[in-house]
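Chains, contacts and geometry: an overview
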Protein chains: 2
Amino acid sequence: MTALPTLEPATTPARCAPTGRPVLGAEAARQKALVFKALADPNRLRLLSIVKGEPSGESCVCDLTEPLGLGQPTVSHHLKILVDAGLLHREKRGTWAYYSLVPGALDDVSGILAKL
Amino acid sequence: MTALPTLEPATTPARCAPTGRPVLGAEAARQKALVFKALADPNRLRLLSIVKGEPSGESCVCDLTEPLGLGQPTVSHHLKILVDAGLLHREKRGTWAYYSLVPGALDDVSGILAKL
């Protein structure tokens, strides 16, 4: 069986992108922006700092309200955003929820920046 | 001259912060959140990607509108946010402005995450 020669031109027409290098696609950029939205809030950075600095590796939500001077509903709202962004892991035990850093999550964010 | 013994108790009253470890301060967190706000937008991530991938190290604003499919005022608005956040350097030459990555700026953002 012989391959037929293609009728399409071998080169695609040049577009305005000056160098033809790959551009971060719109959907990929939308996905990557989500984690930066989670980090783009001072209280959420402080929450991450507290959880990261906890020697036991996890923080009870009951210990996170006082250092920030915020009510528990507000703290829980911020924590949910950090969980949804894949930065924190949440585990409910008894009355309280406990939060820990997702291993490698902050390194993954640095990786996004390195590979932009 | 003899130092008088202090009347204040030697220890401060225990507060609710469970371990006494340093917490990222409110003002420091506010400052650090600014750069994540700049990164928290898909179009701005795409602009950084294009500028970073430019072999010459800089991109003319005239070459940044077409790949994003946005008008020049919108692109200029996003570029200003990236410049204000210290991520891009802007140089006006003749009719056009040229943008380049501030050396080390993305590494500095990774450093913020590493030191949270």
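Provided above is the structure to which this section pertains.
Overview of the structure. Each chain carries its own residue numbering, running from 1 in the direction its sequence is written. The naming scheme follows written order: chains are lettered A onward, ligands numbered 1 onward. It should be noted that, the model being predicted, local features are given only for residues of pLDDT at least 70 and side-chain atom pairs only at 80 or more, the latter also being counted only at that level, while totals for whole chains, interfaces and linings use all residues. The basis for the side-chain values is all heavy atoms of the structure; hydrogens and waters are excluded.

1. With respect to the relation of the copies chain A and chain B
For this overlay, a least-squares fit was computed on C-alpha atoms, restricted to residues scoring pLDDT of at least 70 in both copies. You can overlay chain A on chain B at an RMSD of 0.0 Å; the transform is a turn of 180 degrees with a shift of 0.0 Å along its axis. The operation mapping one copy onto its partner corresponds to a two-fold rotation axis. Mapped onto chain B, 100% of the interface residues of chain A again fall at the interface, so both copies present the same surface. In what follows, a contact means two residues having at least one pair of non-hydrogen atoms within 4.5 Å.

2. Description of the packing of aromatic side chains
For any pair of aromatic rings, geometry is given as the distance between the ring centres together with the angle between the planes. Within 6.5 Å between ring centres, the rings of Phe, Tyr and Trp (the latter by its six-membered ring) count as paired, and their orientation is classed by plane angle as stacked under 30 degrees, edge-to-face over 60, tilted in between. This model, assessed by the stated rule, comprises one aromatic pair over all chains. An angle of 20 degrees between the planes, with centres 6.5 Å apart, marks the rings of phenylalanine 36 of chain A and phenylalanine 36 of chain B as stacked. Placement of phenylalanine 36 of chain A in helix 1 (residues 26-39) and of phenylalanine 36 of chain B in helix 1 (residues 26-39) is noted, with the two residues assigned to different chains. Relative accessible area decides the class of each residue, using a 1.4 Å probe on protein chains only: under 20% of the type maximum gives buried, over 50% gives exposed, and in between gives partly exposed. The exposure class of phenylalanine 36 of chain A is buried, given its relative accessible area of 0%. When the NZ atom of lysine or the CZ atom of arginine is within 6 Å of a ring's centre and also within 35 degrees of its normal, the charge is said to sit over that ring. Residue placement shows arginine 93 of chain A over the ring face of tyrosine 98 of chain A; its charged tip is 4.2 Å from the ring centre. Starting at the N terminus, helices and strands are each numbered in turn, a helix being any DSSP run of H or I of at least four residues and a strand any DSSP run of E of at least two.

3. A few points about the nonpolar core
A general tendency of soluble globular proteins is for nonpolar side chains to be buried together. The criterion is simple. A nonpolar core is a set of buried Ala, Val, Leu, Ile, Met, Phe, Trp, Tyr and Cys residues joined through side-chain atoms within 4.5 Å. Phe36, Leu39 and Leu87 of chain A together with Phe36, Leu39 and Leu87 of chain B are the most contacted members of the largest nonpolar core, which has 58 residues in total. In this structure, leucine 39 of chain B is in contact with Ala33, Phe36 and Leu113 of chain A together with Leu45, Leu48, Leu87 and Val109 of chain B, ignoring residues within four places of it in sequence.

4. With respect to the sheet that holds strand 3 (residues 96-101) of chain B
In any sheet, the strands associate via hydrogen bonds between backbone groups, in a parallel or an antiparallel arrangement. All names here are of chain B. Taking strand neighbours across the sheet as the criterion, the three strands line up as 1-3-2 in an open arrangement whose pairing is antiparallel. The open sheet has two free edges, formed respectively by strand 1 (59-60) and strand 2 (88-93), since each of these has just one partner strand. Each pair of strands is called paired provided DSSP finds at least two bridges between the two strands. Two elements, strand 2 and strand 3, share six bridges in a ladder whose sense is antiparallel. For histidine 89, the partnering residue across the bridge sits in strand 3 and is serine 100. Axis angles are defined between N-to-C directions and span 0 to 180 degrees, where every axis is a line fitted to C-alpha atoms and, for a helix, only to the segment in contact. Along the sheet face, helix 2 (residues 42-53) touches strand 1, strand 2 and strand 3 and points at about 85 degrees away from the line of strand 3. Packed onto the sheet, helix 4 (residues 72-84) meets strand 2 and strand 3 and runs at close to 125 degrees relative to strand 2.

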